[in-house]
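Fold and contact review
Each chain is listed here by its residues.
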2 protein chains.
Amino acid sequence: MFSELEKTSVFKGFTTAEIIKLLSSVHYRLHTYNPDDVIAYACDRCDDLFLLLQGEIRGEMNGYNDKNIVISEICAPDTFAEAFLFADNNELLINIISTTKTKILIISKSELLKMLNSNTKILNNYLNATSNRFVLISEKLKFLMFKTVKGKIANYILDLEREHSGKTYFPLGRNQEGLAALFGITRPALTRNLSQLKKDNIIEIKHKEVRILDRKRLVGYLS
Amino acid sequence: MFSELEKTSVFKGFTTAEIIKLLSSVHYRLHTYNPDDVIAYACDRCDDLFLLLQGEIRGEMNGYNDKNIVISEICAPDTFAEAFLFADNNELLINIISTTKTKILIISKSELLKMLNSNTKILNNYLNATSNRFVLISEKLKFLMFKTVKGKIANYILDLEREHSGKTYFPLGRNQEGLAALFGITRPALTRNLSQLKKDNIIEIKHKEVRILDRKRLVGYLS
């Protein structure tokens, strides 16, 4: 049952035997849920780390108009709550729902702290996992600050240019699916705006590489 | 020099003597900077925790059009970089500039890990600090997802209603300054939109308490 945990970022580099040993030193609970069971509600305090052993869960934001918006989906094996667990305000912003039949191992904050303190490698893994979540959300925030799709694209491409300074063509880095997700927009909206920028001779995209043709107009989209 | 660190979230609850003892167990560097010195550049990897002992620093985003945007300002005593230090991609998104004469204590990631592992209280403090940063940025992200100012206000007020369920009037929780910052908008834009919502008899605000008059129209602003 625990062998899957080797694949999570928190237990990266540990063997199943080592994971069992680590877990045996702390108290934990095992819960199973059926499809559409609510695991936790938005506004509940979250004082536990969830280790998703089997199945799939989703986070839904209450939409107020009878439509809930799915914010995130997590498939086993993975962890949930690690990035905000220790916050002063650790209330959930979303409802956590079981999508399939799931099995979850639950460790309280105080027990987790004990485990992290017992081993430098797991502490490093845990800090790595929380930092990665922070970076992901920071990047999302950065792109949301640009109001127009062309502003987001311009900022992304100008960042790439700086990263590959001196080069005329540089790799786009992500496919259109990935870019749309990063910008928080739909795939068709991205395609439409990229096409316009190409048609207006502002950028050129060839073999997944991009080239800036009209830097001044591209910069203009930032404001 | 270290007595100020008592006031930081990472060293919360420690006496100056305890802080000196903790720091004496690890290697650190002390740097001083003059006003407008660049401490670190955007895209640099950040492998150190910064403890700002004296002065003030700011984070600036390269604006591409010769205008840099100040994203954050940090005054001593405080820490910087703790939330993303351990990420796989720990490149800075912003330039770090010294605003005044500053004194900074710098601890490398590996030395920090040693210190966190030596003491459960400092580990708890550190996880608390990083989680708090994550929650703050998550809340910002949530409000940026609503495209209109009225959408942001509607979401905020409907969240308050749920939090104080059963009550007709509930406290607004933040002043207009705080609300504008949370929504990422200017104060006048907030005031203008709040006034319209009041004029249209959708909400009422009295003595820093809010009451929903027309729930259906308020919900309508969410989509």
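Summary of the structure given here. (Residues numbered from 1 in each chain as written. Chains lettered and ligands numbered in written order. Predicted model: local features only at pLDDT ≥ 70, side-chain atom pairs only at ≥ 80, totals over all residues. Heavy atoms only, no water.)

The next point concerns the sheet that holds strand S11 (residues 209–212) of chain A. Residue and element names in this part refer to chain A. Ordered by their spatial adjacency, three strands build an open sheet running S9-S11-S10, and the pairing between neighbours is antiparallel. If you trace the sheet from one side to the other, it starts and ends with strand S9 (169–171) and strand S10 (203–206), each paired once. Direction aside, the axes of adjacent strands within the sheet are offset by 30° on average. Bridging between S10 and S11 involves four bridges; their strand directions are antiparallel. Counted as the bridge partner of Ile 203 is Ile 212 from S11. Across the sheet, helix H4 (residues 149–163) lies against S9, S10 and S11, angled at about 95° from S11, the strand it touches most. (Pairing = 2+ DSSP bridges. Helix = DSSP H or I, 4+ residues; strand = E, 2+ residues; numbered from the N terminus. Axes fitted to C-alpha atoms, helices over the stretch in contact; angles between N-to-C directions. Contact = heavy atoms within 4.5 Å.)

Let's shift gears to the relation of the copies chain B and chain A. Expressed as a screw operation, the relation of chain B to chain A combines 0.0 Å of axial shift with a rotation of 180°, fitting to an RMSD of 0.1 Å. Such values leave the two copies arranged in the relation of a two-fold axis. Interface overlap between copies: 100% of the residues of chain B at the interface are likewise at the interface in chain A, consistent with a symmetric, same-surface contact. (Least-squares fit on C-alpha atoms with pLDDT ≥ 70 in both.)

Contact residues are listed per partner, giving 46 residues for chain B and 46 residues for chain A. Carbon and sulfur atoms make up 66% of the area that chain B and chain A hide from each other, which totals about 4600 Å². At the junction of chain B with chain A, the criterion picks out zero salt bridges. Counting across the interface, chain B meets chain A through 13 residue pairs in polar contact (both at pLDDT 80 or more). Sorting the residues of the side of chain B that touches chain A by element identifies helix H2 (109–117), helix H3 (120–144), helix H4 (149–163) and helix H7 (215–220) of chain B as the ones contributing at least two each. Counting residues per element, the side of chain B that touches chain A draws most heavily on H3(B), which supplies 18 residues. (Buried area = accessible area lost by both parts, 1.4 Å probe. Salt bridge = Lys/Arg side-chain N within 4 Å of Asp/Glu carboxyl O. Polar contact = N/O pair within 3.5 Å; in protein donor to acceptor, adjacent residues only side chain to side chain.)

With that out of the way, let us pick up the pattern of salt bridges. Side chains carrying opposite charge are able to pair once their charged atoms draw close together. Tallied over the full model, the rule gives 32 salt bridges over all chains. Taking the shortest distance from any N to any O, the salt bridge between Arg45(B) and Asp47(B) comes out at 3.8 Å. Under the relative-accessibility criterion, Asp47(B) is labelled partly exposed at 31%. Each of Asp36(A), Arg58(A) and Glu60(A) takes part in salt bridges that share partners, so that together they form one network. (Buried < 20%, exposed > 50% of the residue type's maximum accessible area, 1.4 Å probe, protein only.)

Turning next to the nonpolar core. Of all hydrophobic cores here, the largest spans 50 residues; its most connected members are Phe11(A) and Phe11(B). Counting residues in each nonpolar core, the second largest holds 48 residues, with Cys46(A), Phe50(A), Val135(A) and Leu144(A) among its members. (Core = buried A, V, L, I, M, F, W, Y, C linked by side-chain atoms within 4.5 Å.)

What follows is about the pairing of strand S8 (residues 102–108) of chain A. Moving residue by residue along a regular strand, the side chains alternate between the two faces of the sheet. Residue and element names in this part refer to chain A. For S8, a buried count of five out of seven residues is recorded, marking the element as mostly surrounded by other parts of the structure. Bridge count between strand S1 (residues 29–33) and S8: five bridges; the pairing is antiparallel. Bridge pairing in S8 links Tyr 33 to Thr 102. In the sheet, strand S3 (residues 48–54) pairs with S8 via six bridges, with the strands oriented antiparallel. Its bridge partner being in S8, Asp 48 is matched across the sheet by Ser 108.

This paragraph deals with the packing of H4(B) against helix H5 (residues 176–183) of chain B. How two helices sit against one another is set out by the angle between their axes and by the gap between those axes. Residues and elements named next belong to chain B. Close contact between H4 and H5 brings their axes to 11 Å; oriented N to C, the two are set at 115°. Put simply, H4 runs roughly perpendicular to H5. Of the two possible hands of crossing, H4 and H5 adopt the one that is right-handed. Along its contact with H4, which presents Lys 152, Ile 153 and Tyr 156, the element H5 presents Leu 179, Leu 182 and Phe 183. For the contact of H4 with H5, the class distribution of residues is five nonpolar, no polar and one charged. (Parallel < 35°, antiparallel > 145°, perpendicular 65-115°, else oblique. Left-handed = near helix turned anticlockwise from the far one by under 90°. Nonpolar A, V, L, I, M, F, W, Y, C, P; charged D, E, K, R; others polar.)

This next bit is on the state of the cysteines. All names here are of chain A. In this structure the tally under the stated criterion is zero disulfides over all chains. The cysteine Cys 43 is free of any disulfide, with Cys 46 supplying the nearest cysteine sulfur at 13 Å. The partly exposed category is assigned to Cys 43, whose relative accessible area is 36%. With no disulfide partner, Cys 75 has as its closest neighbouring cysteine sulfur the one in Cys 46, 19 Å distant. (Disulfide = S-S within 2.5 Å.)

Another point: the packing of H5(B) against helix H6 (residues 187–199) of chain B. Residues and elements named next belong to chain B. Close contact between H5 and H6 brings their axes to 9 Å; oriented N to C, the two are set at 105°. The pairing of H5 with H6 is recorded here as roughly perpendicular in orientation. Across from Gln 176, Glu 177, Leu 179, Ala 180 and Phe 183 in H5, the residues of H6 making contact are Arg 187, Leu 190, Thr 191 and Leu 194. Class assignment of the residues belonging to the contact of H5 with H6 gives a composition of five nonpolar, two polar and two charged.

In this section: the packing of aromatic side chains. Residue and element names in this part refer to chain B. This model, assessed by the stated rule, comprises eight aromatic pairs over all chains. Relative to Phe 14, the ring of Phe 11 lies with its centre 6.5 Å away and its plane at 75°, an arrangement referred to as edge-to-face. Here Phe 11 and Phe 14 have matching classes, each one buried. Look at Phe 80 and Phe 84: their rings are 6.1 Å apart centre to centre, the planes differ by 75°, and that puts the pair in the edge-to-face class. The exposure classification of Phe 80 matches that of Phe 84, with both residues buried. (Phe/Tyr/Trp six-rings, centres within 6.5 Å; stacked < 30°, edge-to-face > 60°.)

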